[in-house]
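Structure assessment
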Amino acid sequence: GAVVSQHPSWVICKSGTSVKIECRSLDFQATTMFWYRQFPKQSLMLMATSNEGSKATYEQGVEKDKFLINHASLTLSTLTVTSAHPEDSSFYICSASRDPSPLHFGNGTRLTVT
Amino acid sequence: DAKTTQPTSMDCAEGRAANLPCNHSTISGNEYVYWYRQIHSQGPQYIIHGLKNNETNEMASLIITEDRKSSTLILPHATLRDTAVYYCIVRFLSSNTGKLIFGQGTTLQVKP
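Structural notes, computed from the coordinates. (Residues numbered from 1 in each chain as written. Chains lettered and ligands numbered in written order. Predicted model: local features only at pLDDT ≥ 70, side-chain atom pairs only at ≥ 80, totals over all residues. Heavy atoms only, no water.)

**Points about the packing of aromatic side chains**
One pair of aromatic rings is described through two measures. These are the centre distance and the angle between the planes. The full count for this structure, using the stated rule, is 10 aromatic pairs over all chains. When the centroid spacing of 6.3 Å and the interplanar angle of 45° are considered together, the rings of Phe 67 of chain A and Tyr 92 of chain A count as tilted. Of the two residues, Phe 67 of chain A sits in strand β7 (residues 67-73) while Tyr 92 of chain A sits in strand β9 (residues 90-96), which places them 25 residues apart along the sequence. Note on Tyr 92 of chain A: relative accessible area 0%, which makes it buried. Here the aromatic rings of Tyr 32 of chain B and Tyr 34 of chain B are separated by 6.5 Å at their centres, their planes lie at 55°, and the arrangement is tilted. Taken together, the aromatic side chains of Tyr 36 and Phe 105 of chain A together with Tyr 32, Tyr 34, Tyr 36, Tyr 46, Tyr 87 and Phe 102 of chain B make up a single cluster linked through ring pairs. Above the plane of the ring of Tyr 34 of chain B lies Arg 91 of chain B, whose end atom (NZ or CZ) is 5.1 Å from the centre. (Phe/Tyr/Trp six-rings, centres within 6.5 Å; stacked < 30°, edge-to-face > 60°. Helix = DSSP H or I, 4+ residues; strand = E, 2+ residues; numbered from the N terminus. Buried < 20%, exposed > 50% of the residue type's maximum accessible area, 1.4 Å probe, protein only. Lys NZ or Arg CZ within 6 Å of the ring centre and 35° of its normal.)

**Considering the sheet that holds strand β2 (residues 18-23) of chain B**
All names here are of chain B. The strand order across the open sheet formed by four strands is β2-β7-β6-β5, and the pairing between neighbours is antiparallel. Across the chains shown, the open sheet's two edge strands, defined by having one partner strand only, are β2 and β5 (55-56). Alignment of β5 against strand β6 (residues 61-64), held across two bridges, turns out to be antiparallel. Among the inter-strand pairings, Thr 56 is bridged to a residue of β6, identified as Ser 61. (Pairing = 2+ DSSP bridges.)

**With respect to the pattern of salt bridges**
All chains considered together, the criterion is met by five salt bridges over all chains. Across the pair Lys 99 of chain B and Glu 59 of chain A runs a salt bridge, and its minimum N-O distance is 2.9 Å. Of this pair, Lys 99 of chain B sits in the loop between β8 (84-91) and β9 (106-111) while Glu 59 of chain A sits in the loop between β6 (57-58) and β7, placing the two residues on different chains. Judged by its relative accessible area of 28%, Lys 99 of chain B is partly exposed. (Salt bridge = Lys/Arg side-chain N within 4 Å of Asp/Glu carboxyl O.)

**Quick word on the pairing of β2 of chain B**
All names here are of chain B. Burial along β2 is one-sided: the face carrying Ala 18, Leu 20 and Cys 22 is buried and the face carrying Asn 19, Pro 21 and Asn 23 is not. Taken together, the six bridges between β2 and strand β7 (residues 70-75) define a ladder with antiparallel strand orientation. Within the sheet, the bridge partner assigned to Pro 21 lies in β7 and is Thr 72.

**A short note on the nonpolar core**
With 24 residues, the main nonpolar core has Trp 35, Phe 67, Leu 79, Tyr 92 and Leu 111 of chain A as its most contacted residues. Of all the elements in the fold, those that place two or more residues in this core are β2 (10-13), β3 (19-25), β4 (32-38), β5 (45-51), β7, β8 (76-81), β9 and β11 (109-113) of chain A. With residues near it in sequence (within four places) discarded, Phe 67 of chain A still touches Arg 37, Met 47, Tyr 58, Val 62, Leu 79, Thr 80, Val 81, Asp 88 and Tyr 92 of chain A. Grouped together as the second largest cluster of nonpolar side chains are 21 residues, Ile 64, Ala 78, Leu 108 and Val 110 of chain B included. (Core = buried A, V, L, I, M, F, W, Y, C linked by side-chain atoms within 4.5 Å. Contact = heavy atoms within 4.5 Å.)

**Examining unusual backbone geometry**
His 7 of chain A connects to Pro 8 of chain A through a cis peptide bond whose omega is 0°. One non-glycine residue, Lys 41 of chain A, lies in positive phi territory at about 60°. For Lys 41 of chain A, a relative accessible area of 87% corresponds to the exposed category. Positive phi is not limited to glycine here, since Arg 68 of chain B has a value of about 65°.

**Focus: the layout of surface pockets**
Counted as a void, the largest pocket has a volume near 460 Å³. For the largest pocket, the lining is made up of 21 residues, of which Gln 38, Lys 41 and Gln 42 of chain A together with Gln 38 and His 40 of chain B are closest to its centre. Among the elements that make up the lining of the largest pocket, the one with the highest residue count is β8 of chain B (three residues). When grouped by side-chain class, the residues that make up the lining of the largest pocket number seven nonpolar, 12 polar and two charged. Lining the second largest pocket are 15 residues; nearest its centre among them are Phe 105 and Asn 107 of chain A together with Gly 43, Pro 44 and Gln 45 of chain B. Listed by contribution, the elements that provide at least two residues to the lining of the second largest pocket are β10 (104-105) of chain A together with β3 (32-38) and β4 (45-50) of chain B. When the residues that make up the lining of the second largest pocket are grouped by side-chain class, the tally is seven nonpolar, seven polar and one charged. (1 Å grid on protein atoms, 1.4 Å probe; cavity = no way out; pocket = protein on both sides within 12 Å on 5 of 7 lines; lining within 4 Å. Points joined across faces, edges and corners; volume = space filled by probe spheres on them. Nonpolar A, V, L, I, M, F, W, Y, C, P; charged D, E, K, R; others polar.)

Right, dumping it as structure tokens:
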């Protein structure tokens, strides 16, 4: 079945640095991937839609210059948290699918900014 | 995307069937009902989806009412490993237009 892989599974970084999270579709090509963020005891919040070969579409309230998304190939999308601050600490999750299969999710990346 | 309403939490005894309800009264004709679950600190796991017919797979059954305004996810023999947050979501089938918008879900606690 479809598998979505995220890397790293967890990362700790210092305030002011940037962190890149990778999302790969392992056995299929995904023209569209989605990025979510989840704070403790809350539901997943959609951040942006990543489209291969074009600019990402961000949800209202999500800073595109803060969360850079690059979908350079049909199997890889990256999310870069720039100039990270403690309030960016969260669980980041990506998802992808090959139509008409359902969306599958990666296992998430836990970011801690100190 | 149509919104869904789910109970905040439910308990179920191990080995018994878990029936998780979902209301989606504003669903449109070409929106599907999807169910995902999330076990603590993991990404959501796809369970099942359907349009208007009842569906069954190795994990669960999905019962959709005739008017499509509500559905029920059935885990026939719940185990402790089924303890998770269950999300009912409606979306269009195509991933190009059908982003998944998560509500608060139902926290299912399976008890021994």
